[in-house]
Every structure is written in C-alpha cells, then in structure tokens.
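For reference, the chains in residue letters:
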Amino acid sequence: MDTKGDFVITISRELGSGGRTVGRKLAGRLGVRYSDKELIHALMRKFNLTASGIEKLKGEKKNWLADVIHLVVPVPKMCMFVDLDTRHMQEFRPDLTPDDVFQAESQILRDIAGQGPCVIAGRSGFFVLEDGPNKVDVFITAPRERRIARVMQKQDLSREEAERVIDKVDKSRDNYVRRYTGKSRYDSRNYDLVINMDGLTEDEAVEVILAYIRANGKQSA
C-alpha cells in the first residue's frame, strides 16, 4: 500500500470495541483525514432525521410500516420536510426505506474517498469502496465483557442496559450489511486485517495496522 499516494483505510468495528478511537489515532499517525461522524451527520441533513432515526431505519429488514401507511393514506413527500435545525429533526419518516439510506450512504462514502487519503469508520465501507485500488479494510472486535464495560462507561448505562444496546446494535448492523452485501459483517474474508482487542490498547492496535501496511506496501507508513 502506497501511503504517500491516495489511499483509503476502512474501519469496521463492534460497538464497545474501541474501534472508533483506533481509527482516529490511526488517521493522526498517518496525518490524514478521519471520517467518522461525518457520514451520519450528512445522512441526518439529507433526510432530516436524527442519528437514532437513521440507525433505526438502517436496521430494518423492510420498511413494512411505510408500506402499510401508504396503502391507507399516501403521504406526500413534501409534507415530510421540516426545519433542518437538529431540534426539529424527526425520528421516523414513512416515505423513506433502508434502500434510500444505503444509496445515499454509498455516494457519501465515495465522495469522501475521492477527496484524498483518509481513514473511514463505517460498517459498509469495505463493500461500497471494494473497487478502490489502494485500500485496506480492517475489522475491530473485542471480548463481550470488554465491550459491555466500555459501553457502560461511555454511555453511563447499567450492565443490563449495555447488554441490550450491544445486542440490538449488533443485530441491526448485521441485518444492514447482509441486506446490501449478501455477507455477514463478521466474516473475516471481508477484511484484510481483523484485530481482537483482547489485551491490546488502542495505540497497540494502531501499531498492528501500521505494521500490516508496511509489510504489504511499497512505501513505509
């Protein structure tokens, strides 16, 4: 991988694994752009939905409620738009489907990747950008107990609440990836490198990725 030219590193990760921090620190070490919340913010603006609304929509296997609503009383799309101020963003829009979100997300990811070297955090990046000639796909996982502890601390939740959040997010994200890639996000064949954070710090995980880049590229990272 030539880290002196344009390149993309995608970071897919389990909730509570520390993958977001790994991606940020990796981008810092490489001196390149880190795209994380940029994607969700762009989707929020485009569809006038909250972050929670976007996640719920992406996790649906089918927007069945929208189908029912439209059968009863069609909802004009123009009626669904309100002030783009985040205070007025919606949790639900029956005129949207997961397909709409995936198409928009794909274009946003391609636009980001086309703007220069970067590290992108996002669970569909490995698939959407699969034709990139200078790309490394990384998956960050961690033992369940470590994930629970991290989510409890980061989100100020009880153990039971953290477990429910993790299970819900895991299912939602895998549903989304399976729907549009035909693959499980947990299939190691999707990635160039899979890192288990058991016993590793985020900085050590960054070193693992940099070592992989050095071992498989023409230029040193």
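Heads up: these notes are all about the structure in this document. (Residues numbered from 1 in each chain as written. Predicted model: local features only at pLDDT ≥ 70, side-chain atom pairs only at ≥ 80, totals over all residues. Heavy atoms only, no water.)

Examining the overall build of the protein
Each helix and strand in the protein was counted, giving nine helices and five strands. In the protein, the succession of helices and strands from N to C terminus is β-α-β-α-α-α-α-β-α-β-α-α-β-α. Of the contacts formed within the protein by residues at least 6 apart in sequence, a portion of 72% connects residues at least 24 apart. (Helix = DSSP H or I, 4+ residues; strand = E, 2+ residues; numbered from the N terminus. Contact = heavy atoms within 4.5 Å.)

Examining the pattern of salt bridges
Inspection of every chain in the model, using the stated rule, returns 16 salt bridges. Its salt-bridge partner being Glu 207, residue Arg 29 comes within 2.4 Å of it at the nearest N-O pair. Residue Arg 29 is located in helix α1 (residues 19–30), and its partner Glu 207 is located in helix α9 (residues 202–216); the two are separated by 178 residues in the primary sequence. Residue classification places Arg 29 among the partly exposed residues on the basis of a relative accessible area of 47%. The partly exposed category is assigned to Glu 207, whose relative accessible area is 34%. Taken together, the salt bridges that share partners define one network made up of Arg 144, Glu 145, Arg 159, Glu 163 and Asp 167. (Salt bridge = Lys/Arg side-chain N within 4 Å of Asp/Glu carboxyl O. Buried < 20%, exposed > 50% of the residue type's maximum accessible area, 1.4 Å probe, protein only.)

Side note on the nonpolar core
Core analysis: the biggest nonpolar cluster contains 23 residues, and Leu 43, Phe 47, Leu 49, Ile 54, Val 101, Ile 108 and Ile 120 have the highest contact counts within it. Not counting residues up to four positions away in its chain, the partners in contact with Val 101 are Leu 43, Phe 47, Leu 57, Lys 58 and Tyr 176. Ranked by size, the runner-up nonpolar core spans 21 residues in total, among them Phe 7, Val 22, Leu 30 and Leu 210. (Core = buried A, V, L, I, M, F, W, Y, C linked by side-chain atoms within 4.5 Å.)

Re the sheet that holds strand β5 (residues 193–196)
Picture the strands of a sheet paired through backbone hydrogen bonds; they go either parallel or antiparallel. Judged by pairing direction, the sheet is parallel, and its five strands sit side by side in the order β2-β3-β1-β4-β5 without closing on themselves. The open sheet is flanked by β2 (33–35) and β5, the only strands paired with a single partner. Neighbour-to-neighbour, the strand axes of this sheet turn through a mean angle of 20°, independent of strand direction. When strand β1 (residues 8–13) meets strand β3 (residues 118–121), the two strands line up parallel, connected through four bridges. Bridge pairing in β3 links Ile 11 to Ala 121. Along the sheet, α9 makes contact with β1, β4 (135–141) and β5, crossing β5 at roughly 160°. (Pairing = 2+ DSSP bridges. Axes fitted to C-alpha atoms, helices over the stretch in contact; angles between N-to-C directions.)

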